[in-house]
Amino acid sequence: MAPRPRWEAGTAAERAFAHITDYLAGLPERPVAAAEGYAKIHARLSIPLPAGSTDPLEIVDELAAAAEPGLAATGSPRFFGYVIGGTVPAALAADLMAVAWDQNAGLASLSPAAAAAEAVAGEWIKELLGLPATASVGITTGTQMAHVTALGAARHRALARYGWDVEADGLHGAPPVRVFVGAARHTTVDAALRLLGFGSRRLTVVDTDDAGRMRPEALRVALAAGTGPAIVVAQAGEINTGAFDAMGQICAISHEHGAWVHVDGAFGLWAAVSASARRRALVTGIDQADSWATDGHKWLNLAYDCGIAIVADERAHRAAMSTRAPYIPPPAVDEHDPLEWTPEFSRRARGFALYAALRSLGRAGLTDLVDRCCAHARRLADALGALDGVAVLNDVELNQVLVRIDDDDATTAAVIELVVTGGEALVSGTVWHRAVAMRLSVCNWMTTEADVDRAVAAIAAAIADARGRCHG
Ligand SMILES: *Cc1c(COP(=O)(O)O)cnc(C)c1O
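Residues numbered from 1 in each chain as written. Predicted model: local features only at pLDDT ≥ 70, side-chain atom pairs only at ≥ 80, totals over all residues. Heavy atoms only, no water.

The protein chain has the name Aromatic-L-amino-acid decarboxylase in an unreviewed UniProt entry, where Parafrankia irregularis is given as its organism. Turning to the protein chain, the UniProt record has this under Sequence similarities (unreviewed entry): "Belongs to the group II decarboxylase family." The UniProt entry for the protein chain carries this comment under Cofactor (unreviewed entry): "pyridoxal 5'-phosphate". (UniProt positions renumbered as here; feature names shortened; annotations may be inferred.)

So this is what it looks like as structure tokens:
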């Protein structure tokens, strides 16, 4: 008989741990952007499909060496691109254990630990964000799938009110559902709605102000223009400006018309934990909404992937997501089966890292993290705004900074490229009101004032360089 394969000391996992340790130690000082592009890395990895086995130790060493130049240091304290956090140590450690434990997090009866960690983390998140304690929670891959989850619940309830069972009968022949979105919504809202059968051309786009906030009066007019099932998607934290819809007003108007309100709060929901009354005021009234989507992998500083869907109407949430089969034991009355609350069936145990991050920060640590990031964003905006020719385009109320250089698309784009290739900091670009702009988002738990100052110096140098290029 062949011997059973087994784990041995000094194996690939230990070697991987050594590579992890090196990577994390180097993170604050390594170039932020990937040094090599896709084609180079692809060529290096692209060997003929191995006919036989390769020693795991060799694979780990070679993979680490081959991948390293193609890694973006998203965990770097000077990573200001997109909206991406790092990984707090407790979450990283919990995630490493979660991989080794290899739990299927769908069922409490199969993995009581994975299901219980999610349940506890869900309770904590509702408490931290000031959302209804009775709401149900599903842990997804990110905000996009949290939208699918929560908007699935919205679709269920909106149609059930008109006597239609969408899970049984689908959308063919159903009363038309009117879906209202802001003009400055995140693109994942459209993607999620599309998956639920609400095509992009059928959405009612509500006018927004200069900062991307939905105009409540425009929403009122749009809602009053028809009847029938209705869903409104509001936004807490616009991706470029960080602006918030007027939540209390949006919820009141929507509810007057019987509409469900879903909130895209991928990063913005966390303003609720700020010590600043002005910042907390941004989310005033948000608890009046019917569902919320946010991310664990942005401001909470968990590794990818982790999104959170929270739904006030627990029955609608379960009706929209639950799947059962004869071979799946039903949960006991006091058990939480994660597969009833998300689109996925089998999946990794995201709850351990979520639990660990929340526990390691605590309420005070999270408040400090959010307010520190906002203060850094303010410092970035002040320093950049003081540079000749640099305009700060947004009101920096949160952690997002939007700037334009010399009021010129080419110069602004060139500066972004020069900063990224320089490796000292990473910023990203966007188009805002038809003009190219540079986006900076401060989400990382490690970022210090010194990091902000280094980024400003790198941007100032890039501006001088870009002017030489564009106008020299
Ligand atoms: C990042 C983001 C999303 C998408 O979140 P994922 O986790 O990438 O799916 C949606 N809305 C807003 C406002 C975001 O910032």
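A.B. asks: Kindly report on the sheet that holds strand β1 (residues 136–140), identifying the contributing residues and their values.
C.D. replies: Judged by pairing direction, the sheet is mixed, and its 7 strands sit side by side in the order β1-β7-β6-β5-β4-β2-β3 without closing on themselves. Looking at which strands have only one partner, the edges of the open sheet turn out to be β1 and β3 (204–206). Going across the sheet, the axis of each strand differs from the next one's by a mean of 20°, ignoring polarity. Here 5 bridges tie strand β4 (residues 230–235) to strand β5 (residues 260–264), and the two strands are oriented parallel to one another. Bridging across to β5, Ile 231 finds its partner in Trp 260. Those strands touched by helix α9 (residues 216–224) are β2 (178–182), β3 and β4, and its axis lies near 165° from that of β2. Its contacts with the sheet place helix α12 (residues 314–321) against β1, β5 and β7 (307–311), and it is angled at close to 40° to β1. (Pairing = 2+ DSSP bridges. Helix = DSSP H or I, 4+ residues; strand = E, 2+ residues; numbered from the N terminus. Axes fitted to C-alpha atoms, helices over the stretch in contact; angles between N-to-C directions. Contact = heavy atoms within 4.5 Å.)

A.B. asks: Summarise the sheet that holds strand β11 (residues 435–441); cite the residues concerned and give the values.
C.D. replies: Strand order in the open sheet formed by 4 strands is β8-β9-β11-β10, with antiparallel pairing between adjacent strands. In the strand order of this sheet, the two ends are held by β8 (390–392) and β10 (428–432), each with one partner. Taken over all neighbouring pairs, the strand axes of this sheet differ in orientation by 40° on average, direction set aside. Summarising the sheet, β8 and strand β9 (residues 400–405) pair through 3 bridges and their orientation is antiparallel. Of the residues in β9, the one forming a bridge with Val 390 is Ile 405. Strand contacts of helix α13 (residues 351–385): β8, β9 and β11, with the helix running at about 15° to β9, the strand carrying the most contacts. Its contacts with the sheet place helix α14 (residues 409–422) against β9, β10 and β11, and it is angled at close to 30° to β11.

A.B. asks: Quick rundown of the packing of aromatic side chains? Include the residues and the values.
C.D. replies: Evaluated as defined, the whole model comprises 2 aromatic pairs. Plain terms: the ring middles of Trp 101 and Phe 352 are 5.0 Å apart, the flat faces sit at 75° to each other, and that makes the pair edge-to-face. Taken as a pair, Trp 101 in helix α4 (residues 89–101) and Phe 352 in helix α13 lie far apart in primary sequence, 251 residues in all. Residue classification places Phe 352 among the buried positions, given a relative accessible area of 12%. Seen in terms of ring centroids, Trp 124 and Tyr 355 are 4.8 Å apart; in terms of plane orientation they differ by 25°. Their pairing is stacked. Here Trp 124 is found in helix α5 (residues 112–129), whereas its partner Tyr 355 is found in helix α13, with 231 residues between them in sequence. The partly exposed category is assigned to Trp 124, whose relative accessible area is 28%. (Phe/Tyr/Trp six-rings, centres within 6.5 Å; stacked < 30°, edge-to-face > 60°. Buried < 20%, exposed > 50% of the residue type's maximum accessible area, 1.4 Å probe, protein only.)

A.B. asks: Explain the side chain of Thr 188 residue by residue, including any values.
C.D. replies: With respect to the helices, strands and loops of the structure, Thr 188 is situated in helix α8 (residues 187–195). A polar atom in the side chain of Thr 188 sits 2.8 Å from the side chain of His 186. Those residues in contact with Thr 188 that lie beyond four places of it in its chain are Gln 144 and His 147. (Polar contact = N/O pair within 3.5 Å; in protein donor to acceptor, adjacent residues only side chain to side chain.)

A.B. asks: Quick one: what's the story with the packing of helix α2 (residues 38–45) against helix α3 (residues 56–67), residue by residue and with numbers?
C.D. replies: Their axes nearest at 10 Å, the elements α2 and α3 cross at an angle of 160°. Considered as vectors, α2 and α3 are oriented roughly antiparallel to each other. As for the relative orientation of α2 and α3, their crossing is right-handed in sense. Seen from α2, the contacting residues are Ile 41, Arg 44 and Leu 45; seen from α3, they are Leu 63, Ala 65 and Ala 66. For the contact of α2 with α3, the residue count by class is 5 nonpolar, no polar and 1 charged. (Parallel < 35°, antiparallel > 145°, perpendicular 65-115°, else oblique. Left-handed = near helix turned anticlockwise from the far one by under 90°. Nonpolar A, V, L, I, M, F, W, Y, C, P; charged D, E, K, R; others polar.)

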